[in-house]
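Structure assessment
In case you want the letters, here they are:
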Amino acid sequence: MSNLGQEAAKNSAKDFPTDQKAVVQRGCRVVMDFVVRLVSGKVVDSSEKSGGPASFVCGKGDFPKPVEEGIIGLSPGEVKTITVHPFYAYGLYDPKKQMLVAMERIPQPIEQGKVVKVPDQLGITRPAVVRDIWPGAIMVDFNHPLAGQALKFEVVIREVIREQDGLENEKEQ
């Protein structure tokens, strides 16, 4: 069990709402902690890094579809690990998104593996990773650094607010 799962197991019942019958459904407001890891185990995001538990309406697309579908039926205090295919995360890796660029088009310092801002084929300046450097030219990659990577979301449901409760809370804010 990971640290997130161990933490949830240690928490007493007082840390979770008394309505243990509440389960995640589409349209419910969900409060959850999460850790996102690569298959290698490297942490790439977490609710802790993002400032605390995520609060969102299940089914609205705030998280990848497999995560939102994977938490349906969970109750406060439950822990689940959900694998997300690259298609639902940062997309598949596309070798066509690599481009050779003249060195003079990049005004900033260039270092292999670093992100630079580069005009793409349409002239729109976008971030790209420097893949290779040659005299007078560099190979840049416009793929997201996590493109082609499966992600593992470990989630702990903290609170489930039923639809009518969620709507009332949103009106108050």
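Residues numbered from 1 in each chain as written. Predicted model: local features only at pLDDT ≥ 70, side-chain atom pairs only at ≥ 80, totals over all residues. Heavy atoms only, no water.

**Some points on the overall build of the chain**
Counting secondary structure elements, the chain contains three helices and nine strands. When the helices and strands of the chain are listed from N to C terminus, the series reads α-β-β-β-α-β-β-β-β-β-β-α. Buried residues in the chain amount to 39% of all 173 residues. Partitioning the intrachain contacts of the chain with sequence separation of at least 6 by distance along the chain shows that 62% fall at a separation of at least 24. Looking at the chain as shown, the accessible area adds up to about 10,500 Å², and 51% of this sits on carbon and sulfur atoms. (Helix = DSSP H or I, 4+ residues; strand = E, 2+ residues; numbered from the N terminus. Buried < 20%, exposed > 50% of the residue type's maximum accessible area, 1.4 Å probe, protein only. Contact = heavy atoms within 4.5 Å. Areas by Shrake-Rupley, 256 points an atom, 1.4 Å probe, with all protein chains shown as cover.)

**Let's talk about a nonpolar patch on the surface**
Together, F87, Y88 and L92 give the surface a local cluster of nonpolar side chains, amounting to about 340 Å² of exposed area. Owing to a relative accessible area of 57%, F87 belongs among the exposed residues under this scheme. (Patch = residues over 30% accessible without salt bridge, like charges linked within 9 Å, V, L, I, M, F, W, Y side chains within 5 Å. Salt bridge = Lys/Arg side-chain N within 4 Å of Asp/Glu carboxyl O.)

**Topic: the pattern of salt bridges**
Pairing between side chains becomes possible if they bear opposite charge and their charged atoms approach one another. Summed over the entire model, instances satisfying the criterion amount to five salt bridges. Across the pair R158 and D33 runs a salt bridge whose closest N-O atoms are separated by 2.6 Å. Note that R158 is positioned in strand β9 (residues 151-161) and D33 in strand β1 (residues 29-38), a separation of 125 residues in sequence. Taking relative accessible area as the criterion, R158 reaches 12% and is therefore assigned buried. For R131, the salt bridge identified is with D141, shortest N-O distance 3.1 Å. Of this pair, R131 sits in strand β7 (residues 125-134) while D141 sits in strand β8 (residues 137-141), placing them 10 residues apart in sequence. Accessibility expressed as a relative area gives 35% for R131, which makes it partly exposed. What emerges from the salt-bridge pattern is a single network uniting R26, K65 and E69.

**Description of the nonpolar core**
With 23 residues, the main nonpolar core has V30, M32, F56, F63, I71, F153 and I157 as its most contacted residues. Those elements that provide at least two residues to this core are β1, β3 (54-57), β4 (79-84) and β9. When neighbours within four sequence positions are excluded, F56 is seen to be in contact with C28, R29, V30, M32, D62, F63, E68 and I71. In terms of nonpolar packing, the next biggest core, distinct from the first, is built from 10 residues, A128, V130, I138 and V140 among them. (Core = buried A, V, L, I, M, F, W, Y, C linked by side-chain atoms within 4.5 Å.)

**Focus on the sheet that holds strand β6 (residues 115-119)**
Strand order across the open sheet formed by four strands is β5-β8-β7-β6, with antiparallel pairing between neighbours. Sheet topology places β5 (98-102) and β6 at the edges, where each strand pairs with a single neighbour. Taken over all neighbouring pairs, the strand axes of this sheet differ in orientation by 50° on average, direction set aside. (Pairing = 2+ DSSP bridges. Axes fitted to C-alpha atoms, helices over the stretch in contact; angles between N-to-C directions.)

**Describing the side chain of E68**
By the secondary structure assignment, E68 is in helix α2 (residues 65-70). An unpaired buried charge is present at E68: no salt bridge exists, and R26, the closest side chain of opposite charge, is 7.1 Å distant. For E68, the side chain forms a polar contact with the main-chain nitrogen of D62, separated by 2.9 Å. Beyond its immediate stretch of four places on either side in the chain, E68 contacts F56, V57, C58, G59, K60, G61, D62 and F63. (Lys, Arg positive; Asp, Glu negative; His and termini not counted. Polar contact = N/O pair within 3.5 Å; in protein donor to acceptor, adjacent residues only side chain to side chain.)

**What to know about the state of the cysteines**
Covalent bonding between the sulfur atoms of two cysteines defines a disulfide. Enumeration according to the criterion identifies zero disulfides in this entry. Residue C28 stays outside any disulfide, its sulfur separated by 7.5 Å from that of C58, the closest cysteine. (Disulfide = S-S within 2.5 Å.)

**Some details on the confidence of the model for the chain**
Segments scoring low in pLDDT should not have their predicted coordinates read at a detailed level. For the chain, per-residue confidence averages 86 on the pLDDT scale, and 82% of positions sit at 70 or higher. When mean pLDDT is compared element by element in the chain, β4 scores highest at 98, while helix α3 (residues 163-172) scores lowest at 50. Confidence drops under pLDDT 50 across residues 8-14; counting only partners more than four residues distant or on other chains, this segment forms eight contacts. Between residues 165-173, whose pLDDT stays under 50, and residues either more than four places distant or in other chains, the model counts four contacts. (pLDDT = per-residue confidence, 0-100.)

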